[in-house]
Structures are given as structure tokens and as C-alpha cells.
Amino acid sequence: MSDSTVSSFSAQSSMNALWQARYGTKPPAQPLPESPVARSLMAHRSVRHFSPAPLPEGVVEAAIAAAQSASSSCNLQAWSVIAVRDPARRARLARIAGDQAFIAQAPLFLVWVVDLSRLEHVGHAQGHALPGLDCLDTFLGGVVDTALAGQNAAATFESYGLGLVYVGAVRNQPEAIAAALGLPPRTVALFGMSVGYPDRARPTPIKPRLPQAMVLHEERYNPATATDEASINAYDALLAASRAGGKAWSASVVARLGDVSALHGREQLPAALHALGFVLGKA
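Looking up the protein in an unreviewed UniProt entry gives the name NADPH-dependent oxidoreductase, with the organism given as Komagataeibacter melomenusus. Recorded in UniProt under Sequence similarities (unreviewed entry), the annotation for the protein is "Belongs to the flavin oxidoreductase frp family."

Structural data, given as C-alpha cells:
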């Protein structure tokens, strides 16, 4: 399927067409039930070329309201988000986060933060020590809370016709990001999100995913389907052919994880987290 064909899909496309774009295979014989939410989610693509047009008034507030409507572990709401609109600050963050030009180009850059600092403040205000802050599960809960909130916001932005891309490179130099944004101890930038109207002159195709049979297990995990070589080979070919200069999935896995230098500093994350005030190991 060509880039021009794939990039023409939108949230208004049929469920079957979106399935075809996402998996490169015919949809199930049983028709997929129609859902505007599912269609919008299945039409997602990572946008890295943006129009300079500003976001409509109220969209950020609506997206954050949706983010705060996500589930939260024990209702701790252990996250914050920083909206960066200033061009000079976006350019600075772009340099820290791997010199990625789209961070400076998009009119809005959101930095999603695991935030245990606010919880620590509540404990102090109530006159209680909070040894549970140092437990690994508390940090993991904050990570999950932040990710769920970010995805709710992403879906909301896309429902307004905006495009976005997640930016994991804020973890390349977490201490530098923390300094640039004035983050207090016990907080860390988990991911960024560039948001804006997609540049229509540079459309982005839907990226194929692994076959659903490899990730959907019934009742118990099935190692045979999760690692089926024929399925991996077929997906490698599909992904490589999905765009000019595309790389097979297996090759991407090896390139990313075969040498820790490919993590661009994120291999030092445990030390950085400790420096930022996280303990992560208390029993």
C-alpha cells in the first residue's frame, strides 16, 4: 500500500479500511462494530511535520480535562504536564532531546511529568512521613498514571483534527530537562508530546503494527503465537515496504537494543532518577 493511499485515511474512514491500513491484511470475516472512538484511535499516526497555525482556543484545556479523566492508581494523580509554547524554550528543549526539529516547529510541546513531589508536600502538610514514596511500585504507579493521562490527551487532540508525536528523547538527559523546566525533586519528565496541525504537504502514513494474533492471547500467554517466525517475517516485509527507506521490525529491534549507545543516554536512567530524588528500592 502506497504512502499516498495510507496517508489519506482519517478518523472518518471505515473500520475495515483502517484495519487494512494498520495490519496490511483483510479485516476479520465478522464485521467490526462501528465506533467513532475506535476509528479515531485506529487512524493515529506519529506526525513530525507541522503547520505553524496555532491551536484553537480551549483545546489544550479540553485535552487536559480528558487527561485528568483517565484512571489513576489509588487516585494519587501522580503526574503533571508542562505546556511549552515559547519558541526559544521549545528550541532549547529540542536541542536537549536529540536535536529533533519538530519540537521547535510544532506550536505546542507538552512535557508529561511523573510527579511525586506534590504527594510529598501533602504528607508534610498533614504532618506525616510518607515512606511509601520510596517504593518502586509508587514510581511505577506514577508512570502508569502519566501514560494513561497522556494517551487520553493525545486522543482528544486528534479528535480536533490535530496531529502529534510522542517524544521519549526527553529521557536522554533527564537532569538537563529538569533544570530547563524547573522541576523539583521527585519529579521526572517521562515523555514529551509535540502538538499542532499536520503539514498537509508532508502527509504521514499509518504505520503497520504486529499481527493481532501475536499480541492477543486467550486465557493464557501463548509463546508460540507471540514469537511465530512466519508472522514476524511477514511483518518485517510489510513494515519495510510501508514507506520509502523503511526498515524491517526485526532490524529495528536489533539496532535499538543491540548496543546500549543506541539509547542515547537513557541507559543511565537509574542513576539520573536517583539524582532527581527517586529511591525506587525500599522494601
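1. Some words on the overall build of the protein
When you go through the protein residue by residue, the secondary structure sums to 14 helices and four strands. Relative to the globule expectation of 19 Å for 283 residues, the C-alpha radius of gyration of the protein, 20 Å, shows essentially globular dimensions. The C-alpha extent of the protein, read off along each of the three principal axes, is 60 × 45 × 40 Å. Looking at the 283 residues of the protein, the share that counts as buried comes to 39%. Relative to all contacts within the protein whose residues are 6 or more apart in sequence, the contacts with residues 24 or more apart total 75%. On the protein, roughly 15,000 Å² of surface is accessible, and the fraction owed to carbon and sulfur atoms is 58%. Taking the 23 positively charged and 21 negatively charged side chains of the protein as two groups, their mean positions are separated by 5 Å.

2. Notes on the nonpolar core
Counting 54 residues, the largest nonpolar core has Trp112, Phe157, Met193 and Val195 as its most contacted members. For this core, the element with the highest residue contribution is strand 2 (residues 108-115), accounting for seven residues. Ranked by size, the runner-up nonpolar core spans eight residues in total, among them Trp19, Ala21, Met42 and Ala43.

3. Remarks on the UniProt feature "domain: Nitroreductase" (unreviewed entry) in the protein
Per the UniProt record, "domain: Nitroreductase" (unreviewed entry) is found at residues 42-197. A helix fraction of 43% and a strand fraction of 19% characterise residues 42-197, whose end C-alpha atoms lie 18 Å from each other.

4. A word on helix 7 (residues 117-125)
Where helix 7 is concerned, the buried positions are Ser117, Leu119 and Gly123. For helix 7, the arc enclosing every buried residue in end-on projection is 160°, short of the 170-degree limit, so these residues lie on one face. More than 90 degrees from the buried face of helix 7, the exposed residues found are His121 and Ala125. Of the residues one or two after helix 7, Gly127 is the one with positive phi, at around 75°.

5. Some remarks on the pattern of salt bridges
Enumeration over the complete set of coordinates arrives at four salt bridges. As a salt-bridge pair, Arg118 and Asp115 come within 3.5 Å of each other at their nearest N and O atoms. With a relative accessible area of 37%, Arg118 lands in the partly exposed category. Its relative accessible area of 8% is what places Asp115 among the buried residues.

6. Quick look at the packing of aromatic side chains
Counting across every chain of the model gives six aromatic pairs. Relative to Tyr23, the ring of Trp19 has its centre 4.5 Å away and its plane inclined at 55°; by these criteria the two rings are tilted. Separated by four residues within a single helix, Trp19 and Tyr23 lie in helix 2 (residues 15-23), roughly one turn from each other. Each of the two residues, Trp19 as well as Tyr23, counts as buried.

7. Some points on the side chain of Arg45
Assignment of secondary structure puts Arg45 in the loop between helix 3 (36-42) and helix 4 (59-68). No salt bridge is formed by the buried Arg45. Its closest oppositely charged neighbour is Glu158, at 6.3 Å. Here Thr204 takes part through its backbone oxygen, which lies 2.8 Å from a polar atom of the side chain of Arg45.

8. Remarks on the sheet that holds strand 3 (residues 163-167)
Each strand in a sheet pairs with another by means of backbone hydrogen bonds, the pair being arranged parallel or else antiparallel. Strand order in the open sheet formed by four strands is 1-2-4-3, with antiparallel pairing between adjacent strands. Each edge of the sheet is formed by a strand with only one pairing partner; in this case those strands are strand 1 (79-84) and strand 3. Geometrically, the sheet is characterised by an average inter-axis angle of 25° between neighbouring strands, direction not taken into account. Where strand 2 meets strand 4 (residues 187-196), eight bridges bridge the pair, whose relative direction is antiparallel. Paired with Phe109 across the bridge in strand 4 is Ser194.

Cut-off values and rules
- Residues numbered from 1 in each chain as written.
- Predicted model: local features only at pLDDT ≥ 70, side-chain atom pairs only at ≥ 80, totals over all residues.
- Heavy atoms only, no water.
- UniProt positions renumbered as here; feature names shortened; annotations may be inferred.
- Helix = DSSP H or I, 4+ residues; strand = E, 2+ residues; numbered from the N terminus.
- Rg over C-alpha atoms; globule rule 2.2 N^0.38 Å.
- Buried < 20%, exposed > 50% of the residue type's maximum accessible area, 1.4 Å probe, protein only.
- Contact = heavy atoms within 4.5 Å.
- Areas by Shrake-Rupley, 256 points an atom, 1.4 Å probe, with all protein chains shown as cover.
- Lys, Arg positive; Asp, Glu negative; His and termini not counted.
- Charge placed at Lys NZ, Arg CZ, Asp CG, Glu CD.
- Core = buried A, V, L, I, M, F, W, Y, C linked by side-chain atoms within 4.5 Å.
- Arc of directions from axis to C-beta.
- Salt bridge = Lys/Arg side-chain N within 4 Å of Asp/Glu carboxyl O.
- Phe/Tyr/Trp six-rings, centres within 6.5 Å; stacked < 30°, edge-to-face > 60°.
- Polar contact = N/O pair within 3.5 Å; in protein donor to acceptor, adjacent residues only side chain to side chain.
- Pairing = 2+ DSSP bridges.
- Axes fitted to C-alpha atoms, helices over the stretch in contact; angles between N-to-C directions.

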